[in-house]
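# Summary of structural features
Here is how the chains run, residue by residue.
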Amino acid sequence: MSTLRPSLYSQTPSKPNKMRNSHNVMELLVVEEVEKQIQLLPIKAARYIKTPDVVAYALNRLPSLYATSRKGWQRQLHRAKTEFNQQINKAVQQGIIAVQRDPLRISDLIYSTEENGEINQIANAALEKLKVVLGREDLSWENLPNIVEHTLTSKKATSTGTNNYNRSRHSTDHWETYRY
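Residues numbered from 1 in each chain as written. Predicted model: local features only at pLDDT ≥ 70, side-chain atom pairs only at ≥ 80, totals over all residues. Heavy atoms only, no water.

## Side note on helix 1 (residues 25-39)
- With 15 residues, helix 1 ought to run about 21 Å at 1.5 Å a step, and its terminal C-alpha atoms sit 22 Å apart, in line with that.
- Listed in full, the buried residues belonging to helix 1 are Val 25, Met 26, Leu 29, Val 30, Glu 33, Val 34, Gln 37 and Ile 38.
- The inward-facing, buried residues of helix 1 abut strand 1 (23-24), helix 2 (43-47), helix 3 (51-59), helix 4 (70-83) and helix 5 (85-100).
- Sitting at the head of helix 1, Asn 24 places a side-chain oxygen 3.0 Å from the backbone nitrogen of Met 26. (Helix = DSSP H or I, 4+ residues; strand = E, 2+ residues; numbered from the N terminus. Expected span 1.5 Å × (residues − 1). Buried < 20%, exposed > 50% of the residue type's maximum accessible area, 1.4 Å probe, protein only. Contact = heavy atoms within 4.5 Å. Polar contact = N/O pair within 3.5 Å; in protein donor to acceptor, adjacent residues only side chain to side chain.)

## Quick look at the side chain of Thr 151
- Secondary-structure assignment places Thr 151 in helix 7 (residues 144-178).
- Polar contacts involving the side chain of Thr 151 include one to the main-chain carbonyl oxygen of Ile 147, which spans 2.7 Å.

## A closer look at the packing of aromatic side chains
- Enumeration over the complete set of coordinates arrives at zero aromatic pairs.
- We note Arg 61 situated over the ring of Tyr 57; from NZ or CZ to the ring centre the distance is 3.5 Å. (Phe/Tyr/Trp six-rings, centres within 6.5 Å; stacked < 30°, edge-to-face > 60°. Lys NZ or Arg CZ within 6 Å of the ring centre and 35° of its normal.)

Now the structure itself:
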């Protein structure tokens, strides 16, 4: 028989871990500071700043201050504002500098489910427009590259052969008709 006490974080099959009712006060303060500092930047520079990248950068350099109750939230908020105000400011400044270093960097953001829904609607609307433009009702995301490639190569071949023939014939007819 073991004399060890079960871990605070151990899970038993009958009791799943339900720890998501705690919140990090630092997240709120960092988001506010990022928005404040981005407002101070020139518009051109601010356009290239990805707020989630700066927030993540700063939070990774600051201590977490979690709370599970309103009273705890107020206590942690007061502590964060008094003890960590300068650190928050500095971490956000460093985050903005780090993100600005590479404005062409492609970041694959993690979207919330409602943002994914909006992105999917926009993408599907674009696909529907392409069906009309290409005249292909069978167009889907899976066959899009092949159909576009096929359409472009067949139109290029058709326009190259036909247009040269029509242009030369048209210009000849034109000269013959008006005899300049």
